[in-house]
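Notes for the structure review
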Amino acid sequence: QRLGTDVPSEAREIEHRDRIERSYPFHPELIDVLYERWGSFPTFQRTRGVLRLLAEVVSDLYRQKVVSPLIQSSLVNLDNQPLRREFVKHIGNEYDSVVAADIAGKNAKAPKIDKEMGSEYEKYGIARGIATSVFINSFSAGTSKETTLPRIRVALLREGIPVTIVGDAIAKLEEELWYFHSERKQYAFRNQPNLN
């Protein structure tokens, strides 16, 4: 409610609280993107595919001892090979290189941005979380293959993360990542390099 127009209107409605309770421990944003976007791929078995993926996400977060009130798309660890494979097998192996270059891995740029920026960036993995969320929202067998800043905020923000950090982090990702594309305030990963 406090975020006002910085988040989508449906996130401010009373019904959203009910959706959070029903989808706990997952944020409804993660469930929606898996069912609506990834579920549109014929190779992605909606119920079984989502359950298998969510089980791996929970197991991975438990092993890493990640503390968060809800599991959002920004917390999905694409460094985890079984998790990464679950996504990449539906969109093409070339996206493995996209993830390794920009999002997760030894030489990925987003975690380096978090280290360079320090403070909240490093503590909460801001750049990496935004990059992960944008990546997960970048694919669908339908027409919607981008995400917006208000949706990114829903996928990332939790207690302790300053609201203002998201816009600054997006600008940093636009400057440094190779496969991160932005057009008319719509963000997505593509397998074509950007001007960087």
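Above: the structure in question.
Let me sum up the structure you'll find in this document. Throughout this document, residue positions are counted from 1 along each chain, in the order its sequence is written. Where totals are concerned, whole chains, interfaces and linings use all residues; where local detail is concerned, this predicted model gives features only for residues with pLDDT of at least 70, and gives and counts side-chain atom pairs only at 80 or more. To obtain the side-chain values, all non-hydrogen atoms of the structure were included, while hydrogens and water were left out.

The subject of this paragraph is the sheet that holds strand β2 (residues 180-183). With antiparallel pairing, three strands are arranged side by side in an open sheet as β1-β3-β2. Strands with a single pairing partner mark the edges of an open sheet, and in this sheet they are β1 (147-148) and β2. Should DSSP find at least two bridges between two strands, the strands are regarded as paired. Secondary structure elements follow DSSP: runs of H or I no shorter than four residues count as helices, runs of E no shorter than two count as strands, and numbering proceeds from the N terminus. Note that β2 and strand β3 (residues 186-189) share four bridges and pair antiparallel. Bridge pairing in β3 links E183 to Q186. Across the sheet, helix α8 (residues 126-137) touches β1, β2 and β3, and the angle it forms with β3 is around 85 degrees. Residue contacts are counted whenever heavy atoms from the two residues lie within 4.5 Å of one another. Comment: axis = line fitted to C-alpha atoms, over the contacting stretch for helices; angle = value between 0 and 180 degrees taken between N-to-C directions.

Time to look at helix α6 (residues 109-117). Where α6 is concerned, the buried positions are K109, A110, P111, I113 and D114. Where the residues of α6 are buried, they touch α5 (94-103), α7 (119-124), α8 and α10 (165-176). A positive backbone phi angle near 65 degrees is found at G118, which sits one or two residues after α6. Type-normalised accessible area, obtained with a 1.4 Å probe on protein chains alone, sets the label of each residue: buried when under 20%, exposed when over 50%, and partly exposed for intermediate values.

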